[in-house]
Amino acid sequence: MIGLADCNNFYASCERVFKPSLNNKPVVVLSNNDGCIIARSNESKRLGIKMGEPVFKVKNLIKENNVRVFSTNFSLYGDLSKRVMTTLKSEVSSVEVYSIDEAFLDFSDHLNLDRLIYIRSKVKKWTGIPISIGVAPTKTLAKVANYLAKKHKEKGVFILDDDDLIKKVLKDFSVQDLWGVGRRYSRKLNQLNIHNALQLRNLDTDWLRKKFSINMVRLQKELKGEVSYSFDSNDSIRKSICTSRSFAKEVREFNTLKEYVSNFAVNCASKLRKQKSYCSKLSLFLMTNRFKSNVKQYYPSITLDFLTPTNDNLEIVTMANKALKRIYSSNFIYKKAGVVLHNTVLKEDIQMSLFDQIDRKKRAKLMCSIDYLNNILGKNKVRVASQGLKENLDFKRNNLSPSYTTKYSDILTIKI
Amino acid sequence: MKFIVSSQSLLRSLQLISGVISPNNALPILENFLFEIDNGKLTLKSTDLDCTMETHIKIESDENYSVAVDAKMILEFLKAFPEQPLTFLIDSTKNIIKVHSEDGEYSFTYFDGNEFPKTPLLSEEKTIKINSQTFLESINQTIFAAGNDELRPVMSGVYCDISSSNINFVATDAHKLIRHKINENSNETNSFILPKKPLNIIKNIFSESSEDIEISYDSSNAIFSFKDLVIYCRLVEGSYPNYEQVIPKDNSNELIISKKNLISALKKVMPLSNKSTNQVVFEIKGNSLNISTIDSDVNSSAMSNINSDIKYNGEDLKIAFNGKFLLEILQSLKYNELSIKLKTPAKAVTIEPNNDENKTLALIMPIMITD
């Protein structure tokens, strides 16, 4: 059996951990640049604040109901997520971290309701984060079980193991809420008069394969309790690493764009080094503001190859800047950029180059020293010159909470 | 103005030069053939700006004129005719060409020939002559090793390094390298990089000929002349990496092995190798070679042993390669007995056929391995 542990309203819950006065009060967390609402406490949901809504549209609602608004504080959320995952790992034999607030748990050894209730209370006690756990024979059904667990406020856990129970639950479960069914597929399914998950489970598989992709067939198999997506304990390395951001103010100048791109590249390179891997390709994309319909749009992208796989800041930044030179046009104003490092390999799989002129041992030592210094002194204290001299990139974060667990100056002080 | 030409002869000539035309060109004129009529000679041209092909047909005509005709249309049109004379009438007032055949009359529009890109002219040209089969062999031996990296365009072509007594054809993608040497006397030393596209076209055209091919070149362009066909190509700009410098001279461990056995073993283990790295590990001990692969993603592994037709003179060694690169190299080499020279697991390895009089040398860079 596979379990899915999902943190309830994760970002909002993180904000509450060190500020209990926010309990039972409406809380929302905003996206990068304080643009849209990306997390809501249950109280905010009840006020009718929708997910993904631009914050300016609900300005009055926020003011009238004294909703507490926070900018995203990823250093806080990342650290609390790590604590949640570590606690889960102490309780089950294997954990597959699926996202910052979700993890699949291996319950192939033994399973009962009390064990789930215990794990849930332990995570709450050790980290302050409330979670829900759903358990079922497959990942897709575990997602459904988790959805039901969230409705059981008291227990917060649900086991979906009996086939009759599965059928009953799927009958009331809308296809658009299923894991892996996007907006486009759910519209297509609805047009074919398939509205609930049981209808999808009962469809003729050959017909489904003809009308949709193989992924839909896999999904149907999962709904029948047959495993299509096996448990992965995350020992494998990430095949690609991306850093992309929207800018607070739109950018036209090459040099400003270069600073952003260099910072994204350094961020990706540092993540590569953390998982001890090397990348063979770099992609860069730029985007103009798609919401400005009166302005000509431009979404260029480019992929370039490294002769020797690398995780070196200097090489990756140089390549990112070469990529920028190739796709930049001064005729446009850009809203977003992103760097993706892919085709990652481990050290023992590096294809060496005949014309490599870099002393890689020396450079590995340099990266190690940079990582060490930045770890002690703070992110980007030692930087590549093209990252610019600004301490923080120009992202709007007007409602940022303290980084209670990752910054010495932000540690809570208690007066006795 | 009018000219008369054999339908099949025109079709054959146009098919010969059609390989250079790419579909979906940014410039519509590049999807046309140029017809240049000049004193009883019809010159046909096609181009993609980097490469231009030209051929000639004798025709009956007294006038001079040039028109550009849609390539796809004229090829399909001519294919429908058995051998017969076709009369082309160019009506410049309406920009229309009328064609009279034995049984009908057809008309289509044309572009002004002046819109067609001009063919490059060489300045201070130099010329070499090579037997077409020798040239073809040199291209076949090297072209597969050239890269496709847009950041390093010099590696996307075949380098011709001309010295007084021989010509080296070299191609590399930085992970593998091939140097093919031919004995050819030349008055001066020179070098240029030929792009892949015209070479691939030439490979197909010259496959059944044994005559000489004349190559004229300057610093920007090369012209291949062969019978009635002329191919102009823009050379790849930039300086080629110093390939001689990376060829190791002190690889003291030598493995003499049958190419057939090595390819056979590689083909057995490769399907079970990691799909992204294609890594194969060689363990050489005494006169025995173990070739193994492992793909932990899908829990597969393979090991094949070679202990016949093998002679090893050197220290025990464990070294890994990209099996795909290695197979490409082995399949390109002509003779069965190979001499593979190695030094350490991180140094380039040379592969040479034993009876080849040093004509072909391959170089492959290993994949890093850690024990």
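Given the structure is predicted, the values throughout are model-derived calculations rather than measurements. (Residues numbered from 1 in each chain as written. Chains lettered and ligands numbered in written order. Predicted model: local features only at pLDDT ≥ 70, side-chain atom pairs only at ≥ 80, totals over all residues. Heavy atoms only, no water.)

Description of the interface of chain B and chain A
Reasoning step 1: Taken together, the contact pairs 29 residues of chain B with 20 residues of chain A.
Reasoning step 2: Of all residues in chain B, the largest losses of buried area upon contact with chain A belong to Glu 150, Leu 151 and Met 368 of chain B, amounting jointly to 29% of the total for that side.
Reasoning step 3: Across the contact surface, chain B and chain A share 1 salt bridge.
Reasoning step 4: Connecting chain B to chain A are 9 residue pairs in polar contact (both at pLDDT 80 or more). (Contact = heavy atoms within 4.5 Å. Buried area = accessible area lost by both parts, 1.4 Å probe. Salt bridge = Lys/Arg side-chain N within 4 Å of Asp/Glu carboxyl O. Polar contact = N/O pair within 3.5 Å; in protein donor to acceptor, adjacent residues only side chain to side chain.)

Considering the sheet that holds strand β10 (residues 126–131) of chain B
All names here are of chain B.
Reasoning step 1: As summarised here, the arrangement of the 9 strands in space is β9-β5-β2-β3-β4-β17-β16-β15-β10, forming an open sheet in which the pairing is antiparallel. With one partner strand each, in any of the chains shown, β9 (111–112) and β10 form the two edges of the open sheet.
Reasoning step 2: Pairing between strand β5 (residues 65–70) and β9: 2 bridges, direction antiparallel. Paired with Val 67 across the strands is Asp 112, a residue of β9. (Pairing = 2+ DSSP bridges. Helix = DSSP H or I, 4+ residues; strand = E, 2+ residues; numbered from the N terminus.)

Brief notes about the environment of Tyr 106 of chain B
All names here are of chain B.
Reasoning step 1: Assignment of secondary structure puts Tyr 106 in strand β8 (residues 105–109).
Reasoning step 2: Overall, Tyr 106 belongs to the partly exposed group, its relative accessible area being 30%.
Reasoning step 3: Distance in space between the C-alpha atoms of Tyr 106 and Thr 142 is 47 Å, their sequence separation being 36 residues. (Buried < 20%, exposed > 50% of the residue type's maximum accessible area, 1.4 Å probe, protein only.)

As for empty space enclosed by the protein
It is a probe the size of a water molecule, rolled over the atoms, that shows where empty space is left.
Residue and element names in this part refer to chain B.
Reasoning step 1: Using the criterion set out here, one finds 1 cavity of 30 Å³ or more in the structure.
Reasoning step 2: Space inside the largest cavity adds up to approximately 40 Å³.
Reasoning step 3: Contributing to the lining of the largest cavity are Leu 255, Phe 282, Phe 321, Leu 326, Ile 340, Val 349, Ile 351 and Ile 364.
Reasoning step 4: Residues of the lining of the largest cavity, tallied by class, amount to 8 nonpolar, no polar and no charged. (1 Å grid on protein atoms, 1.4 Å probe; cavity = no way out; pocket = protein on both sides within 12 Å on 5 of 7 lines; lining within 4 Å. Points joined across faces, edges and corners; volume = space filled by probe spheres on them. Nonpolar A, V, L, I, M, F, W, Y, C, P; charged D, E, K, R; others polar.)

Points about the sheet that holds strand β21 (residues 300–306) of chain B
Residues and elements named next belong to chain B.
Reasoning step 1: Spatially, the 4 strands line up as an open sheet ordered β21-β20-β19-β23, and their pairing is antiparallel. In the strand order of this sheet, the two ends are held by β21 and β23 (317–322), each with one partner. Neighbour to neighbour, the strand axes of the sheet diverge by 20 degrees on average, direction disregarded.
Reasoning step 2: Where strand β19 (residues 279–285) and β23 come together, 6 bridges link them in antiparallel fashion. (Axes fitted to C-alpha atoms, helices over the stretch in contact; angles between N-to-C directions.)

Observations regarding the domain arrangement of chain A
Reasoning step 1: On domain assignment, one finds that chain A holds domain 1 (8–74), domain 2 (77–223) and domain 3 (241–387).
Reasoning step 2: Between the C-alpha centres of domain 1 of chain A and domain 3 of chain A the distance comes to 32 Å. (Domains from an automatic or database assignment.)

Describing the pattern of salt bridges
Reasoning step 1: Summed over the entire model, instances satisfying the criterion amount to 28 salt bridges over all chains.
Reasoning step 2: Among the ionic pairs, Asp 163 of chain A bridges to Arg 201 of chain A, the shortest N-O distance being 3.2 Å. Taken together, the residues span a long stretch of sequence, with Asp 163 of chain A in helix α7 (residues 163–171) and Arg 201 of chain A in helix α9 (residues 197–202) at a distance of 38 residues.
Reasoning step 3: Taking the relative accessible area as the measure of exposure, Asp 163 of chain A reaches 34% and is therefore partly exposed.
Reasoning step 4: With relative accessibility at 7%, the residue Arg 201 of chain A sits in the buried group.
Reasoning step 5: A salt bridge links Lys 176 of chain B to Asp 173 of chain B, with the shortest nitrogen-to-oxygen separation between them at 2.7 Å.
Reasoning step 6: Under the relative-accessibility criterion, Lys 176 of chain B is labelled buried at 4%.
Reasoning step 7: Under the relative-accessibility criterion, Asp 173 of chain B is labelled buried at 15%.

Remarks on the pairing of β21 of chain B
Residues and elements named next belong to chain B.
Reasoning step 1: The two faces of β21 differ: Ser 300, Ala 302, Ser 304 and Ile 306 on one face are buried, but Ser 301, Met 303 and Asn 305 on the other face are not.
Reasoning step 2: Alignment of strand β20 (residues 288–295) against β21, held across 7 bridges, turns out to be antiparallel. Paired with Asn 290 across the two strands is Asn 305, which belongs to β21.
Reasoning step 3: Here β20 hands over to β21 after 4 residues, with Asn 299 in that stretch at a positive phi of 60 degrees.

Examining the packing of helix α1 (residues 10–17) of chain A against helix α4 (residues 74–89) of chain A
Residues and elements named next belong to chain A.
Reasoning step 1: The contact between α1 and α4 brings their axes to 10 Å, and the two run at 95 degrees. Between α1 and α4, the angle falls in the class roughly perpendicular. Counting all contacts with α1, which are made through Phe 10, Tyr 11, Cys 14, Glu 15 and Val 17, the residues of α4 involved are Phe 74, Leu 76, Tyr 77, Leu 80 and Ser 81.
Reasoning step 2: Taken together, the residues that form the contact of α1 with α4 break down as 8 nonpolar, 1 polar and 1 charged. (Parallel < 35°, antiparallel > 145°, perpendicular 65-115°, else oblique.)

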